[in-house]
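Geometric and topological summary
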Amino acid sequence: MVTDSEAKAVALSYLQNLQVQALGQHDRKLSFQLMECILDHYAGAIRDLGDVLLYGICEAIDGEKDPDCLVLVFHIIESLAKLYPDPSGPLSKFAQDLFEILGSYFPIHFTHRKGEDDDSKREELSRALLLAFASTPLFEPFSMPLLLEKLSSSLPSAKVESFRYICYCTPKYGSNRMVKYAQALWSSIKEATFISPQSTVSAESELMGGMGFQDNDIMTQAFVLLQEVIQQDSIFTNLVLSDKDINIFVNSLIESMDFGDIPLLVRQKLHAAGHILSVCAKSSVASCNKVFETYFPLLMDALVISPAKPSQESYLDDDCSFVKLNFGALYLCIEFLGACRCLTASFDNFTLVSDFANQTWCAMLHTFSVPLMKGFISFLGSNIVDNAHNAFAYLCVKGLQTLSTFPASYVPVSKPLYDSSLLKLVSIVTSEINKTFLWTSALKALVEISLFIDKCPDSERASCFKSTVVEKIVSLISSGDITTSSSLKLQAAYDIGATRKEFMVKIVRGLDEAIAVHFSAAYELGNLESDKFTTELLDTYSNRVLPWFLETGDSEEIPIKFALSIWANIENSRCINPRHPDNARNLLGATMTAMKKAVGSCTVEGQEMIMNKSYELLLASNCFESMGFQSDNCSIKLKVLQQNHNFDSSTHRYEWLISLFASVIIALRPHTCLPNGKMMMQLFISAILNGHVPSAHALSALVNKLPSQITGINSFRSISLEEALDMIFGSFIRTSSNRSMSGNEIDFGGLKLDTLRIQSAKSNAVIGLAWIGKALLMRGHEKVKDITMTLLGLLMLDGNIGDSNQLQEWNEVCDEENVHQLVKCAADAFHIIMSDSEECLNRRYHAVIRPLYKQRFFSSVIPILLSLVVKSESPSVRSMLYRAFAHVVSDTPLTPILSEAKKLIPILLDCLSILSMDVLDKDIIYKVLLVVSGILTDKNGEEAVIGNAPRIINQLLDLTAYSPSMAVRETAIQCLVAMSELPHIRIYPLRTQVLQSISKALDDPKRIIRQEAVRCRSAWYVFS
């Protein structure tokens, strides 16, 4: 432990013997760190060194240029200011010398940039220098002239930094020191913001009536400084209000009538003037009084608005519109209202309330708020609100919003006018949907009003908003009018409901009622409009309402009620009339998605309620009996599989029932009990063979989540994983105890084709097996190998089935074309197994997912596929093997691929070559090309790439002319750019060939391809 006396001795030795600037960078940094440590931890021990310490530090830091050392230097000066805070202390004699050193570094600017970290280092230095500038008021006589001088610099960054430094230093130096710079500061702020505004029209300008501007960095910092200095001393407010330029400009607004006649520069100045005066008004009560006294009567005269009479303060008369549409005056008026609202919001509701009534601004606002609000309402209800008057409409809506969001203690309008304001806004939302701009502005205003009510609780206003706005929106959804803009109505309902739980619950009830009404019309009558509207209702529920309740951490009451209501609607509808098949499919898809999300968000208990309801309805609807099942069946008979192939065409009602039941099963948690697992298995297996994909998803979800063993009193009703697999494998696959994934025992007859007399059932069985295999793989079950080997066996069929003794049964059920389709389906099954699914088997629906399952499957299957590719002599078989290989590789994370890159690159190139022969495979080619791109751009794949560089380049050159896919061409060219980074000795011989081929891409019809081709050509020209 270093004592104070030892620290002082070290400091003295440092000051007397160390020539810091004569040292190297590393040693200088160490010396500054030593001094920093002494100042921070032993300040009391060295305080009496006084002049000796200050002189020594000045000598040590003078002329330092290294960025890392400068950060320490600036902190040392900041520490000195803390060590000697007395204005007449030792620091006062060295303040000028120290600031001469500091000032030489302002503004921080790197003349020689070295890398990407320069910006962060510059920001760190600038922050440290700022703290040093503001560390003591003794620097004020030297820093302020420097900073004011830099405000006239031609370098924008110097202006930004100067405004930032002055803003930070102002409260540190104190108003007594800063007041002498008031005129100079205001002149600089006015020049930057008003005289020469550099604001640009923002992307949201159209939504703000053409008055949306994005201030540049200089203006932003200038406005921040203005707010700071006004809060420090009222003299700055006086300077603004007495400014000749500002006053002339505001007076000139009286003559400006129409927004379209105002030039851009004048609008920029109007934006700046409004911002300046608004900052003044909301800084304090006294400043607000001065602003209102100076300008508010002028603005009211420009708008020809008279003070309200006592008898007119609580009702809306017929003659209350603006006599003159003066945009400039109206704009400033709205800015003033917003400033007042911000000012009142900054005070506690229980303080100063009695004093506000006596304030000038409050009295004037109370006098004119009633005719103002009446004018806003009247204008929005007039016939002149059209695209030409969007700017006025925006300001009127904003005015209503502002007056409606004053804190209750300072509310400037009566309750009747508050109600009238809400009624006008909600009437626009419900009846002016064709006026997009006005509709959007009104909806945003209602949302802001509701958010304010939630932030500042007011039971009276909340009740008024609920009865006036929420009830109206709910009735709009529930009404029979669905012919126009239903999406906008639903957007309005959600946006308003999302502001407050109480409102959202009310909106949900309206959605439930609308779904019940229109679902019946769509389901039973085939009404096209009801089809579309119900689909939109369900999408809103799925994508917005349910996620909102999950984010707010609410109970599961809403999703349970929703799911049960859907089943109730199905139960009450005895038939389905799919008059418009496409819309009917969309409706079914939306209903299934909503059902899955609702069930998935419930607890086990809630899921069991929904499960029992759905199962009871299936039993009552004779679904199981219609499929040939009895409640005591425990296996699927071949007769059932053969006779019910026309399941989906026999009754659309059964399709809906089983699809929704599958949706419930997909989203269940692993511990949710099933009422009769064996019958469910029978139902789904039969449905899969008839092409019902949701049943495949449901069956895979069961296989993924079922427990290995079932024990307990209810075991006769449930089913274990092993029992389920026995049913599945007993129906589809011949298994043997010695099957393994060694690549040597592929069973070409593994699929029980003798049970599948209908050709489509074979492909359906393959799809079903793929989903089951995916479920087993994700949970890490060993029986995935049986499904994998069956699929690999199908890949080896070449259509010449008559020559194989192993496949005699195929002669009876398949021709060459059907074999090809089945084999292609088997190859695509590997995509199902490896890809991520949004429909099922994901974390949202509580799937059991073992870590690294894709990597394990890749490691076990790829060696077999590579072996089969080498052994195969049939072009068709090789094509299907490459297709399966492409699916496995493209859906595998890059890391395991990189470890096998040397083996895989030749196969990947062959895969691209073969698949490019069929234009229908363009999506697969693109995914494989992305894998190649990943290898090319990763350091771990560099060795494998270098060894195969010529082949890779030749294949990429072929793909640059691949016409079916722009994405393939673009990626191939980008890969060639990456290849140009390889050692030149490996790629230089191909340079001419690359440049010749890439020149053709310069004429590609797509602009993005031409741009990439130019970049590629430049990259390959570098080493010419």
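Predicted model, so just to flag it, every value in this text is computed and none were measured.

**Thoughts on the overall build of the protein chain**
- The number of helices and strands found in the protein chain is 51 helices and two strands.
- Every one of the 1024 residues in the protein chain was classed for burial, and the buried ones make up 54%.
- Accessible surface computed for the protein chain: about 43,600 Å², of which carbon and sulfur atoms make up 51%.

**Overview of the environment of P694**
- Of note, P694 is situated in helix α35 (residues 693–705).
- Separated by 102 residues in sequence, P694 and M592 have C-alpha atoms that sit 9.2 Å apart.
- Residues within four places of P694 in sequence aside, it is in contact with M592, S659, A662 and I666.

**A word on the confidence of the model for the protein chain**
- Here the protein chain averages 84 in pLDDT, and 85% of its residues register 70 or above.
- Low pLDDT (under 50) marks residues 799–807, which in the prediction has 12 contacts with non-local residues, meaning those over four places away or in another chain.

**Some remarks on the pattern of salt bridges**
- Applying the stated rule across the entire model yields 33 salt bridges.
- Among the ionic pairs, E471 bridges to K506, the shortest N-O distance being 3.3 Å. With a gap of 35 residues between them, E471 in helix α23 (residues 459–478) and K506 in helix α25 (residues 501–525) connect regions that are remote in the sequence.
- For E471, a relative accessible area of 32% corresponds to the partly exposed category.
- Each of the salt bridges in this network shares a partner with another, and the network as a whole consists of R122, E123, E161 and R164.

**Describing the nonpolar core**
- By size, the foremost hydrophobic cluster in this structure holds 350 residues, and its most contacted members are L53, F74 and L795.
- Excluding anything up to four places from it in sequence, L795 contacts V823, A826, A827, F830, L865, V877, M880, L881 and A884.

**Describing the side chain of R461**
- Mapped onto the secondary structure, R461 falls in helix α23.
- Of the polar contacts made by the side chain of R461, one reaches the backbone oxygen of S404; its length is 3.4 Å.

**Comments concerning the packing of helix α24 (residues 486–497) against helix α26 (residues 528–551)**
- At their nearest, the axes of α24 and α26 sit 10 Å apart, and the two run at 20° to each other. Judged by the angle between their axes, α24 and α26 are roughly parallel. Between α24 and α26 lies a crossing of right-handed hand. Residues S486, S487, L490, Q491, Y494, D495 and G497 of α24 form the contact with α26, whose own contacting residues are F533, E536, L537, T540, R544, V545 and W548.
- Class assignment of the residues belonging to the contact of α24 with α26 gives a composition of six nonpolar, five polar and three charged.

**Topic: the environment of M727**
- Relative to the helices and strands, M727 is located in helix α36 (residues 721–732).
- Taking the C-alpha atoms as reference points, M727 and M681, 46 residues apart in sequence, are found 7.9 Å from one another.

**So, unusual backbone geometry**
- In this model, F106 is joined to P107 through a cis peptide bond whose omega is -10°.
- Relative to the helices and strands, P107 is located in the loop between α6 (91–103) and α7 (118–133).
- For L852, which is not glycine, the phi torsion reads 60° and is therefore positive.
- Inspection of the secondary structure puts L852 in the loop between α40 (816–834) and α41 (853–871).

**So, the packing of helix α44 (residues 901–915) against helix α47 (residues 949–959)**
- Where α44 meets α47, the axes come as close as 10 Å, and the angle between the chain directions of the two elements is 20°. Regarding the angle of α44 to α47, the classification is roughly parallel. You can see that α44 and α47 cross each other, and the crossing is left-handed. When α44 is examined against α47, the residues I905, P906, L909, D910, L912 and S913 are found in contact with a partner set consisting of R951, I952, Q955 and L959.
- Here the residues of the contact of α44 with α47 are counted per class, giving six nonpolar, two polar and two charged.

**Describing the packing of aromatic side chains**
- If you walk through the whole model with that rule in mind, you get 20 aromatic pairs.
- Aromatic pair F194 and F249: ring centres 5.4 Å apart, planes at 80°, arrangement edge-to-face. Taken as a pair, F194 in helix α11 (residues 182–195) and F249 in helix α14 (residues 244–252) lie far apart in primary sequence, 55 residues in all. Pair check on accessibility: F194 and F249 agree, each one buried.
- In textbook terms, an aromatic cluster arises when at least three aromatic residues are bridged by ring pairs, as seen for F99, F106, F133, F139, F142 and Y165.
- Over the aromatic face of F503 sits the side chain of R500, whose NZ or CZ is 5.6 Å from the ring centroid.
- Positioned above the aromatic ring of F729, the side-chain terminus of K783 is 5.6 Å from the ring centre.

**A closer look at the state of the cysteines**
- Tallied over the entire structure, the rule returns zero disulfides.
- Unpaired in this structure, C342 has its nearest cysteine sulfur neighbour in C340, at a distance of 9.3 Å.
- For C342, a relative accessible area of 34% corresponds to the partly exposed category.

**Remarks on helix α50 (residues 991–1001)**
- Along α50, the residues that are buried comprise R991, V994, L995, S997, I998 and A1001.
- Structurally, α50 contributes buried residues whose contacts are with α47, α48 (966–979), α49 (984–987) and α51 (1007–1021).

**Concerning the side chain of S542**
- With respect to the helices, strands and loops of the structure, S542 is situated in helix α26.
- Classification of S542 by relative accessible area gives buried; the value is 1%.
- Within the structure, the side chain of S542 is placed 3.3 Å from the backbone nitrogen of A594, a separation counted as a polar contact.
- If near-sequence neighbours (up to four positions away) are discounted, S542 is found in contact with P547, A590, T593, A594 and K597.

**Some remarks on the environment of G381**
- Inspection of the secondary structure puts G381 in the loop between α19 (360–380) and α20 (390–403).
- C-alpha of G381 to C-alpha of L425: the two residues are 44 residues apart in sequence and 9.9 Å apart in space.

**Overview of α6**
- An ideal rise of 1.5 Å per residue puts 18 Å on 13 residues; α6 measures up with 17 Å between its terminal C-alpha atoms.
- In the structure, α6 departs most strongly from a straight axis at D97, where the bend amounts to approximately 30°.
- When we look at burial in α6, the residues that qualify are L91, F94, A95, L98, F99, I101, L102 and G103.

Here is what the cut-offs are and how they apply
Residues numbered from 1 in each chain as written. Predicted model: local features only at pLDDT ≥ 70, side-chain atom pairs only at ≥ 80, totals over all residues. Heavy atoms only, no water. Helix = DSSP H or I, 4+ residues; strand = E, 2+ residues; numbered from the N terminus. Buried < 20%, exposed > 50% of the residue type's maximum accessible area, 1.4 Å probe, protein only. Areas by Shrake-Rupley, 256 points an atom, 1.4 Å probe, with all protein chains shown as cover. Contact = heavy atoms within 4.5 Å. pLDDT = per-residue confidence, 0-100. Salt bridge = Lys/Arg side-chain N within 4 Å of Asp/Glu carboxyl O. Core = buried A, V, L, I, M, F, W, Y, C linked by side-chain atoms within 4.5 Å. Polar contact = N/O pair within 3.5 Å; in protein donor to acceptor, adjacent residues only side chain to side chain. Axes fitted to C-alpha atoms, helices over the stretch in contact; angles between N-to-C directions. Parallel < 35°, antiparallel > 145°, perpendicular 65-115°, else oblique. Left-handed = near helix turned anticlockwise from the far one by under 90°. Nonpolar A, V, L, I, M, F, W, Y, C, P; charged D, E, K, R; others polar. Phe/Tyr/Trp six-rings, centres within 6.5 Å; stacked < 30°, edge-to-face > 60°. Lys NZ or Arg CZ within 6 Å of the ring centre and 35° of its normal. Disulfide = S-S within 2.5 Å. Expected span 1.5 Å × (residues − 1). Bend = angle between axes of the 7 residues up to and from the residue.

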